[in-house]
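Residues per chain are reported as follows:
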Amino acid sequence: MKPIHRFIALFVISTQITHAVLPNWSYDGGPDPQTPMGKELIDHVAAIPNMPKLSEQVMGDQKFRFRFGPVNWRMVQKPNTVKILFIGQDATHIAEAAGRTATAGFGGRAQDLAAYFGVNEGGAFMNTYAFTIYGQYGAFGTPYIFRKPTGDEVRFGNFVDNELWLITQDLESPIVQWRNGLIDWIIRNNKDSIKLIVTFGGAARDSMAAFIESKGGKVGARHEKIIDQIQIPETFLTSAGGNNEAPVLSTREGKDLYEQMFGRKIQYSKPEEMPLLQADIKARLSDYKPNMVFTKAGPYKNGLLHPAQLDGYELDQITIKGVKTRSLKGLKLADGSAVKDDVLVVELPHPTFLSNLTPPEASKAVAKNLKALEPYVNAGWEIPADEGMVNKFAQGEAYKYARKDIGTEFYDFGTPKSRMVSVSSASRMPGNNNVIIFGTRESPQYDKKKIIEMTKALPAEQFLEEELFIARPRTEKLRYVFDAGPGEKFAKIMKESLDMKKIFQLKPGMTFEANGIDAYYVKSHPDHGDFGHYRGTFKS
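First, a word on what this report is: a plain description of the structure on this page. Note that the coordinates shown come from a computational prediction; the quantities given were computed from them, not determined experimentally. (Residues numbered from 1 in each chain as written. Predicted model: local features only at pLDDT ≥ 70, side-chain atom pairs only at ≥ 80, totals over all residues. Heavy atoms only, no water.)

**Focus: the packing of aromatic side chains**
Okay, so step 1: Evaluation of the coordinates by the stated rule reveals 18 aromatic pairs.
Okay, so step 2: Judged by centre distance (6.4 Å) and plane angle (85 degrees), the ring pair of phenylalanine 504 and tyrosine 520 falls under edge-to-face. With a gap of 16 residues between them, phenylalanine 504 in the loop between α16 (500–503) and α17 (512–515) and tyrosine 520 in the segment after α17 connect regions that are remote in the sequence.
Okay, so step 3: Following the ring pairs from residue to residue traces out a cluster consisting of Tyr27, Phe413, Phe490, Tyr534 and Phe538.
Okay, so step 4: The ring of phenylalanine 125 has arginine 74 sitting right over it, with the charged end atom 4.0 Å from the ring centre.
Okay, so step 5: When the ring centre of phenylalanine 410 is taken as origin, the NZ or CZ atom of arginine 74, which lies over that ring, is 4.6 Å away. (Phe/Tyr/Trp six-rings, centres within 6.5 Å; stacked < 30°, edge-to-face > 60°. Helix = DSSP H or I, 4+ residues; strand = E, 2+ residues; numbered from the N terminus. Lys NZ or Arg CZ within 6 Å of the ring centre and 35° of its normal.)

Right under this line is the structure:
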């Protein structure tokens, strides 16, 4: 494991204010080590595999951003509370800083979809990857050869390369086994309440399929029936701006074949370049093919390890005990029991795709995929609404793509409001992955010398090397020791005793815009709210 810099969290002003559905003194106390299921969840977190090391060994590169440790879930752990499990790809910057996945845009959208079904605290959220990642899951627009009786043609699809597939979806991968264990725990802890699993994007869709197959079910891949007609050429990924990557055809020397054929430098960050490349290879396939590299390796002699590497699994092709279904009913779980009721599975587009649509278009895209639930609804399947909420889906109301604030019940007691947001309000400092600036998506400038000093500062007590990637104790002695919060009685006293308007009153004649933080009597901005209430315990 390479040495890890200490992380730095910089507070910047945020304009997003969240409102809890439950009382503002509600909070996530974490797993209860006194209960078997709570202890099992703590042990599962402690057993998380060293994903950064696996990436280095299998991929020869680092796929994960590991400085802040894993971001495992956002959920209420009380048994039979969760009604819908949402699965995404990986956490955002602000979720990483908050220590809870599905914070920011994806979280706000998913929370709103949960509310459409009448669910708030009954929503659980996790990701394909427990760590944030560099790039994406696979590469859109990857060219491949489709062999027809009339001749070869080039097609384009979303391709997950062999190394990334091995760590992400292969059933022997420790990463997959750990993720499947978490899904299994969530289902078992909520056997009487869970009704629906929603995946966002290809990574989550394939992860759900991997879970089903690990339990003895079968999920079809999109190109499974024509896999012997497909050949995958060698490609490599290059930056296409931001966190995007573009698939580049490789020559035998490992060079850019597109540049060789075009005779110029390709600017992959420009959106107009990829359509030009695709049009050119279609028009001149006979010129490209002799220069393309085909390994013809793997079980299908086409460069693939699994058919789902190209355009993924299809969740409308689930088979359990010989029956085609959308339900996990009958699937065996880790404790030897089986899923007793219909737990339906539905896939939705990636949040980035939805955010690039207009709200009406996004609403239609989500509603179209939810139609897969109709046969089960007609047979009596339903999600009981949380107390004080209404299941608009059950009432036949059309879905409207929107965003909903996330309540304090999903976070540690005393988490600053600037970390409990339903919008993407954070950025990572360029060249300093250990620095997350939350409150803004811009890239503000800070004293680089000061940043370096803070990064190189030594901790008061040295971490054990095997615990660096998890950022919390894994030893049997220490893993059950953590702050579970003050308890309902004291949380209520602390929250209800504060007059926030008085606390954040401006000094006479001063404004934040003109005077900065000196305009307040306290050294904090109201957007951060109240935090840092106590340290210690209220017992004995």
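**Looking at the packing of helix α1 (residues 36–46) against helix α6 (residues 174–189)**
Okay, so step 1: Contact geometry of α1 with α6 gives a least axis separation of 11 Å together with a crossing angle of 165 degrees. Here α1 lies roughly antiparallel to α6, going by the angle between them. As α1 packs across α6, the resulting crossing turns out to be left-handed. The residues of α6 that touch α1, namely those facing Met37, Glu40, Leu41, His44 and Val45, are Trp178, Gly181, Leu182, Trp185, Arg188 and Asn189.
Okay, so step 2: The class makeup of the residues in the contact of α1 with α6 is 6 nonpolar, 3 polar and 2 charged. (Axes fitted to C-alpha atoms, helices over the stretch in contact; angles between N-to-C directions. Parallel < 35°, antiparallel > 145°, perpendicular 65-115°, else oblique. Left-handed = near helix turned anticlockwise from the far one by under 90°. Contact = heavy atoms within 4.5 Å. Nonpolar A, V, L, I, M, F, W, Y, C, P; charged D, E, K, R; others polar.)

**Topic: the sheet that holds strand β8 (residues 196–200)**
Okay, so step 1: Pairing in this open sheet of 4 strands is parallel, and the strands run β4-β3-β8-β15 from one edge to the other. Here the strands that pair on one side only, and so sit at the sheet edges, are β4 (123–127) and β15 (344–348). Across the sheet, the mean angle separating the axes of adjacent strands is 20 degrees when strand polarity is ignored.
Okay, so step 2: Judged from the 5 bridges that link them, β8 and β15 form a sheet pairing that is parallel. Bridge pairing in β15 links threonine 199 to glutamate 347.
Okay, so step 3: Packing against the sheet, helix α4 (residues 105–116) makes contact with β3 (84–88), β4, β8 and β15, and its axis sits at approximately 155 degrees to β3. (Pairing = 2+ DSSP bridges.)

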